[in-house]
Amino acid sequence: MRLFNTWKMGQDQTKQQIEKGLHLYQSNQTEKALQVWMRVLEKSADPAGRFRVLGCLITAHAEMGRYKDMLKFAVVQIDTARELEDPDYLTESYLNLARSNEKLCEFQKTISYCKTCLNMQGTTVSLQLNGQVSLSMGNAFLGLSIFQKALECFEKALRYAHNNDDKMLECRVCCSLGNFYAQIKDYEKALFFPCKAAELVNDYGKGWSLKYRAMSQYHMAVAYQKLGRLADAMDCCEESMKIALQHGDRPLQALCLLCFADIHRSRRDVQTAFPRYDSSMSIMTEIGNRLGLIQVLLGVTKCWMIQKELDKALESIEKAQELAEGLGNKLGLLKLHCLCERIYRTKGQQRELRDHVVKFHECVEEMELYCGMCGESIGEKNNQLQALPCSHFFHLKCLQTNGTRGCPNCRRLSVKPGYV
């Protein structure tokens, strides 16, 4: 009996210390919170308590951009989950492992760990995590420019969010969909989805972390910049950056700096854009956001092109190409071939020009970035798109003009519009 009481007391103390850390973290006393949680991790003999505190450490390091530490704690959490011999704990720990690899741009590993989660036979708790698993897998497929599979995953995540009335998950999926449509240049949808996320924050987010508001404002800023609404883009980006600075959110700070730089570049103010690209690049290098670095280098390349410094532009392209090839980011490679095409056309170097034209079209074919009805490429300019339930997407005008009883790509019969 005395042994049981001692064990129960230890559990209670672990719980109290975790709650103390959470209170400190929510009060923006991050380092103190980390110290409290690390002490719990070192001293607690309660596996369930250790599992929970590892979850807190994983979340905190993710938000600070310390992704390698995040991964380290995720690996320890897997071992703790195995010790507990509970499928729900194991599913959650594999999800955290997937997220850690997603943040480090290890997209194939992310997909593999997500599939492990989905194959586990857990309880209702595990099933409720499937929406988050689908979201992480969708982000990974998007990083690899596998657009149909990314959209399938986002649709599944959105369905889980609706079925479970999970507004936080719905908000995160809407932000990812904004990113998806920004990449394939349907800028109306790229704005619609983060605006929907902002509505969810306003309607349901009274007790939520401010990161949800910051995230939706950032994605709105990106869409506004693409649409040429630069004043609106600046307002949204400033609000997002303010929250990111308050909460020490380094990853979001880097993205906001990139967005600020893109806004100034759109105004052809390259002297203001350059230092913001440099600051964004510094943070992204520090945290390991290689996908973000490609976007920074694309922006820097365009600045050099505005200044007619074509050799410097090619130097930036070379760095970006190495990153894109390493990650398997095919859309990044396509954009780089497109820029090279413009540069070599200006230089009058026909052999290099032809080489990049061929590579550009190879990328389009590989990613299936063309409309199955009209045959024109998707993602070259702003166009309204519509996805069918099979997640193949087409020009909206083509679907409206021609109509279809099935998908021209996979021949699946359906006339219902997809979720997204």
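Residues numbered from 1 in each chain as written. Predicted model: local features only at pLDDT ≥ 70, side-chain atom pairs only at ≥ 80, totals over all residues. Heavy atoms only, no water.

Enquirer: How should the overall build of the chain be read in this particular structure?
Expert: From N to C terminus, the chain includes 20 helices and two strands. Split into buried and exposed, the 420 residues of the chain put 51% on the buried side. Counting only contacts in the chain whose residues sit at least 6 apart along the sequence, the fraction spanning at least 24 positions is 57%. As displayed, the chain offers around 20,300 Å² of accessible surface, 48% of which is attributable to carbon and sulfur atoms. The average position of the 55 basic charges and that of the 48 acidic charges among the side chains of the chain differ by 1 Å. (Helix = DSSP H or I, 4+ residues; strand = E, 2+ residues; numbered from the N terminus. Buried < 20%, exposed > 50% of the residue type's maximum accessible area, 1.4 Å probe, protein only. Contact = heavy atoms within 4.5 Å. Areas by Shrake-Rupley, 256 points an atom, 1.4 Å probe, with all protein chains shown as cover. Lys, Arg positive; Asp, Glu negative; His and termini not counted. Charge placed at Lys NZ, Arg CZ, Asp CG, Glu CD.)

Enquirer: Explain the packing of aromatic side chains to me, please; I cannot follow it from the model alone.
Expert: Within a pair of aromatic rings, the relevant descriptors are the distance that separates the centres and the angle that separates the planes. Inspection of every chain in the model, using the stated rule, returns 11 aromatic pairs. For the ring pair Y181 and F193, a centre distance of 5.9 Å and an interplane angle of 5 degrees mean the geometry is stacked. Taken as a pair, Y181 in helix α10 (residues 167-183) and F193 in helix α11 (residues 187-204) lie far apart in primary sequence, 12 residues in all. Of the two residues, Y181 and F193, both sit in the buried class. Lying across the ring of F73, K72 places its NZ or CZ 5.1 Å from the centre. If you follow K189 out to its NZ or CZ, it ends over the ring of Y181, 5.7 Å from the centre. (Phe/Tyr/Trp six-rings, centres within 6.5 Å; stacked < 30°, edge-to-face > 60°. Lys NZ or Arg CZ within 6 Å of the ring centre and 35° of its normal.)

Enquirer: It is not clear to me how helix α15 (residues 270-287) should be interpreted in this structure. Could you clarify?
Expert: Two residues of an α-helix separated by three or four positions point the same way, owing to the 3.6 residues in each turn. Compared with the 26 Å implied by 1.5 Å per residue over 18 residues, the 25 Å span of α15 between its first and last C-alpha is a close match. Looking only at α15, the buried set comprises V270, A273, F274, Y277, S280, I283, M284 and I287. On its buried face, α15 is in contact with α4 (67-84), α14 (250-266) and α16 (290-306). Once α15 finishes, G288 follows within two positions and takes phi at roughly 90 degrees, a positive value. (Expected span 1.5 Å × (residues − 1).)

Enquirer: What am I meant to see in the pattern of salt bridges here?
Expert: A pair can form between side chains of opposite charge whenever their charged atoms are brought close. The final tally for this structure, using the stated rule, is 17 salt bridges. Between E63 and K211 there is a salt bridge whose closest N-O contact spans 3.0 Å. A residue pair is termed long-range when its members are at least 10 positions apart, and E63 in helix α3 (residues 47-64) and K211 in helix α12 (residues 211-226) qualify at 148 residues. As a salt-bridge pair, R250 and E286 come within 2.7 Å of each other at their nearest N and O atoms. With a gap of 36 residues between them, R250 in helix α14 and E286 in helix α15 connect regions that are remote in the sequence. Since its relative accessible area comes to 52%, E286 is described here as exposed. A network of salt bridges, in which partner residues are shared, links D165, K167 and E170. (Salt bridge = Lys/Arg side-chain N within 4 Å of Asp/Glu carboxyl O.)

Enquirer: Is there a simple way to think about the side chain of Q77 in this case?
Expert: Within the element layout of this structure, Q77 appears in helix α4. A distance of 3.2 Å separates a polar side-chain atom of Q77 from the backbone oxygen of F51. When neighbours within four sequence positions are excluded, Q77 is seen to be in contact with F51, L54, G55, I58, E92, S93 and N96. (Polar contact = N/O pair within 3.5 Å; in protein donor to acceptor, adjacent residues only side chain to side chain.)

Enquirer: Looking at this model, I keep getting lost on unusual backbone geometry. Mind explaining?
Expert: In this model, E85 sits at a positive phi of 55 degrees, which is unusual for a non-glycine residue. The phi dihedral of K185 falls on the positive side, at around 65 degrees, and the residue is not glycine.

Enquirer: Please explain the nonpolar core as it appears in this structure.
Expert: For soluble globular proteins, nonpolar side chains are generally found buried alongside one another. Formed by 141 residues in total, the largest nonpolar core has its most connected members in W37, F147, F180, Y181, I184, L369 and F393. Beyond its immediate chain neighbours, meaning those up to four positions away, F147 contacts L142, F180, Q183, I184, L331, M367, L369 and F393. (Core = buried A, V, L, I, M, F, W, Y, C linked by side-chain atoms within 4.5 Å.)

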